[in-house]
Amino acid sequence: MDIHFQYQPLNEKMADFHASPVTYKALIGGFGSGKTYGGVAEGLMLSMEFPNNVGVVCRKTFGEIHRSTKLVFDELCPPQIIKKPYNQHDHTQILVNGSKILFFPLDDPQKIRSLNAGWILIDEANEITEEMATMLSLRKGRLANIPRSAFMVASNPTETNHWLYKWFGHGDTSDRRCWNFTTYDNLKYLPP
């Protein structure tokens, strides 16, 4: 199958984000900096690279998912890789290689207890609690047939007492890395 994934990294920093093998990845930046775009693209690439993968795209509520993150997903996802269109009942998209992408609200920790994911993207991670982030991080990487897992967050900058700063604000480690973006990093794709 000839798949045309039209995505191009917005800049060198985003290309570095995609190339990094670390499991825990943070895209931190201002409004319109392309962080959601990059996180969704990375998730799609992981779903296409590893058949039968399970990806989870999260935000605080379904309303926020449908008004923003799902729109970015729909823009990026090549139609020819979709086997089963997005189902409003179970909030799942199935790809032709058997990979599934679940869209999940983070308004109740009980809803995520049975998740088993190869990759997770939390959009606007600054809106959720550390307890929720910790629970989600324990749900990724549990698929035996998926050799590379990812736990990604896209967020606006936070105060130093926020869990995101605790997790990503003290420099890179062998398994965690943070990329900081500004709106100016995405000028090429924003209106004047």
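All values derive from a computational prediction rather than experimental measurement.

The rules behind each value
- Residues numbered from 1 in each chain as written.
- Predicted model: local features only at pLDDT ≥ 70, side-chain atom pairs only at ≥ 80, totals over all residues.
- Heavy atoms only, no water.
- Buried < 20%, exposed > 50% of the residue type's maximum accessible area, 1.4 Å probe, protein only.
- Helix = DSSP H or I, 4+ residues; strand = E, 2+ residues; numbered from the N terminus.
- Pairing = 2+ DSSP bridges.
- Expected span 1.5 Å × (residues − 1).
- Bend = angle between axes of the 7 residues up to and from the residue.
- Contact = heavy atoms within 4.5 Å.
- Phe/Tyr/Trp six-rings, centres within 6.5 Å; stacked < 30°, edge-to-face > 60°.
- Lys NZ or Arg CZ within 6 Å of the ring centre and 35° of its normal.
- Axes fitted to C-alpha atoms, helices over the stretch in contact; angles between N-to-C directions.
- Left-handed = near helix turned anticlockwise from the far one by under 90°.
- Nonpolar A, V, L, I, M, F, W, Y, C, P; charged D, E, K, R; others polar.

Draft legend 1. Layout of the pairing of strand S2 (residues 54–59). Most of S2 is tucked away: 6 of the 6 residues are buried. A two-sided burial pattern is seen for S2, the buried positions comprising Val54, Val56 and Cys58 on one face and Gly55, Val57 and Arg59 on the other. With 4 bridges joining them, S2 and strand S6 (residues 119–123) adopt parallel strand pairing. Along S6, the bridge assignment pairs Val56 with Ile120.

Draft legend 2. Region of interest: helix H3 (residues 62–76). When the terminal C-alpha atoms of H3 are compared, their 19 Å separation across 15 residues agrees well with the 21 Å that a helix rising 1.5 Å per residue should span. The axis of H3 is deflected most strongly, by about 40 degrees, at Thr69. Residues Glu64, Ile65, Thr69, Lys70, Val72, Phe73 and Leu76 constitute the buried set of H3. Close packing links the buried residues of H3 with helix H2 (35–49), S2, strand S3 (82–87), strand S4 (92–95), strand S5 (100–105) and S6.

Draft legend 3. Representation of H2. The first and last C-alpha atoms of H2 sit 21 Å apart over 15 residues, in line with the 21 Å expected at 1.5 Å per residue. Of all 15 residues in H2, 11 are buried, a share of seventy percent or more. Among all positions of H2, only Lys35, Thr36, Gly38, Gly39, Val40, Ala41, Glu42, Gly43, Leu44, Leu46 and Ser47 are buried.

Draft legend 4. How the structure looks around the packing of aromatic side chains. This model, assessed by the stated rule, comprises 8 aromatic pairs. Residues Trp167 and Phe168 carry aromatic rings whose centres are separated by 6.5 Å and whose planes lie at 50 degrees to one another, so their mutual orientation is tilted. A single burial state applies to Trp167 and to Phe168, both of which are buried. Ring pairs connect the aromatic residues Tyr24, Phe151, Trp163, Trp167 and Phe168, which therefore count as one cluster. In this structure, Lys13 packs its charged tip against the face of Phe181, placed 5.2 Å from the ring centre.

Draft legend 5. Representation of the packing of helix H1 (residues 12–19) against H2. Here H1 crosses H2 at 35 degrees, and the two axes come no closer than 10 Å. With respect to the hand of their crossing, H1 and H2 are arranged in right-handed fashion. Along its contact with H1, which presents Met14, Phe17 and His18, the element H2 presents Gly38, Gly39, Ala41, Glu42 and Met45. Taken together, the residues of the contact of H1 with H2 break down into 4 nonpolar, 3 polar and 1 charged.

Spatial relationships are all this shows, so hold off on functional conclusions.
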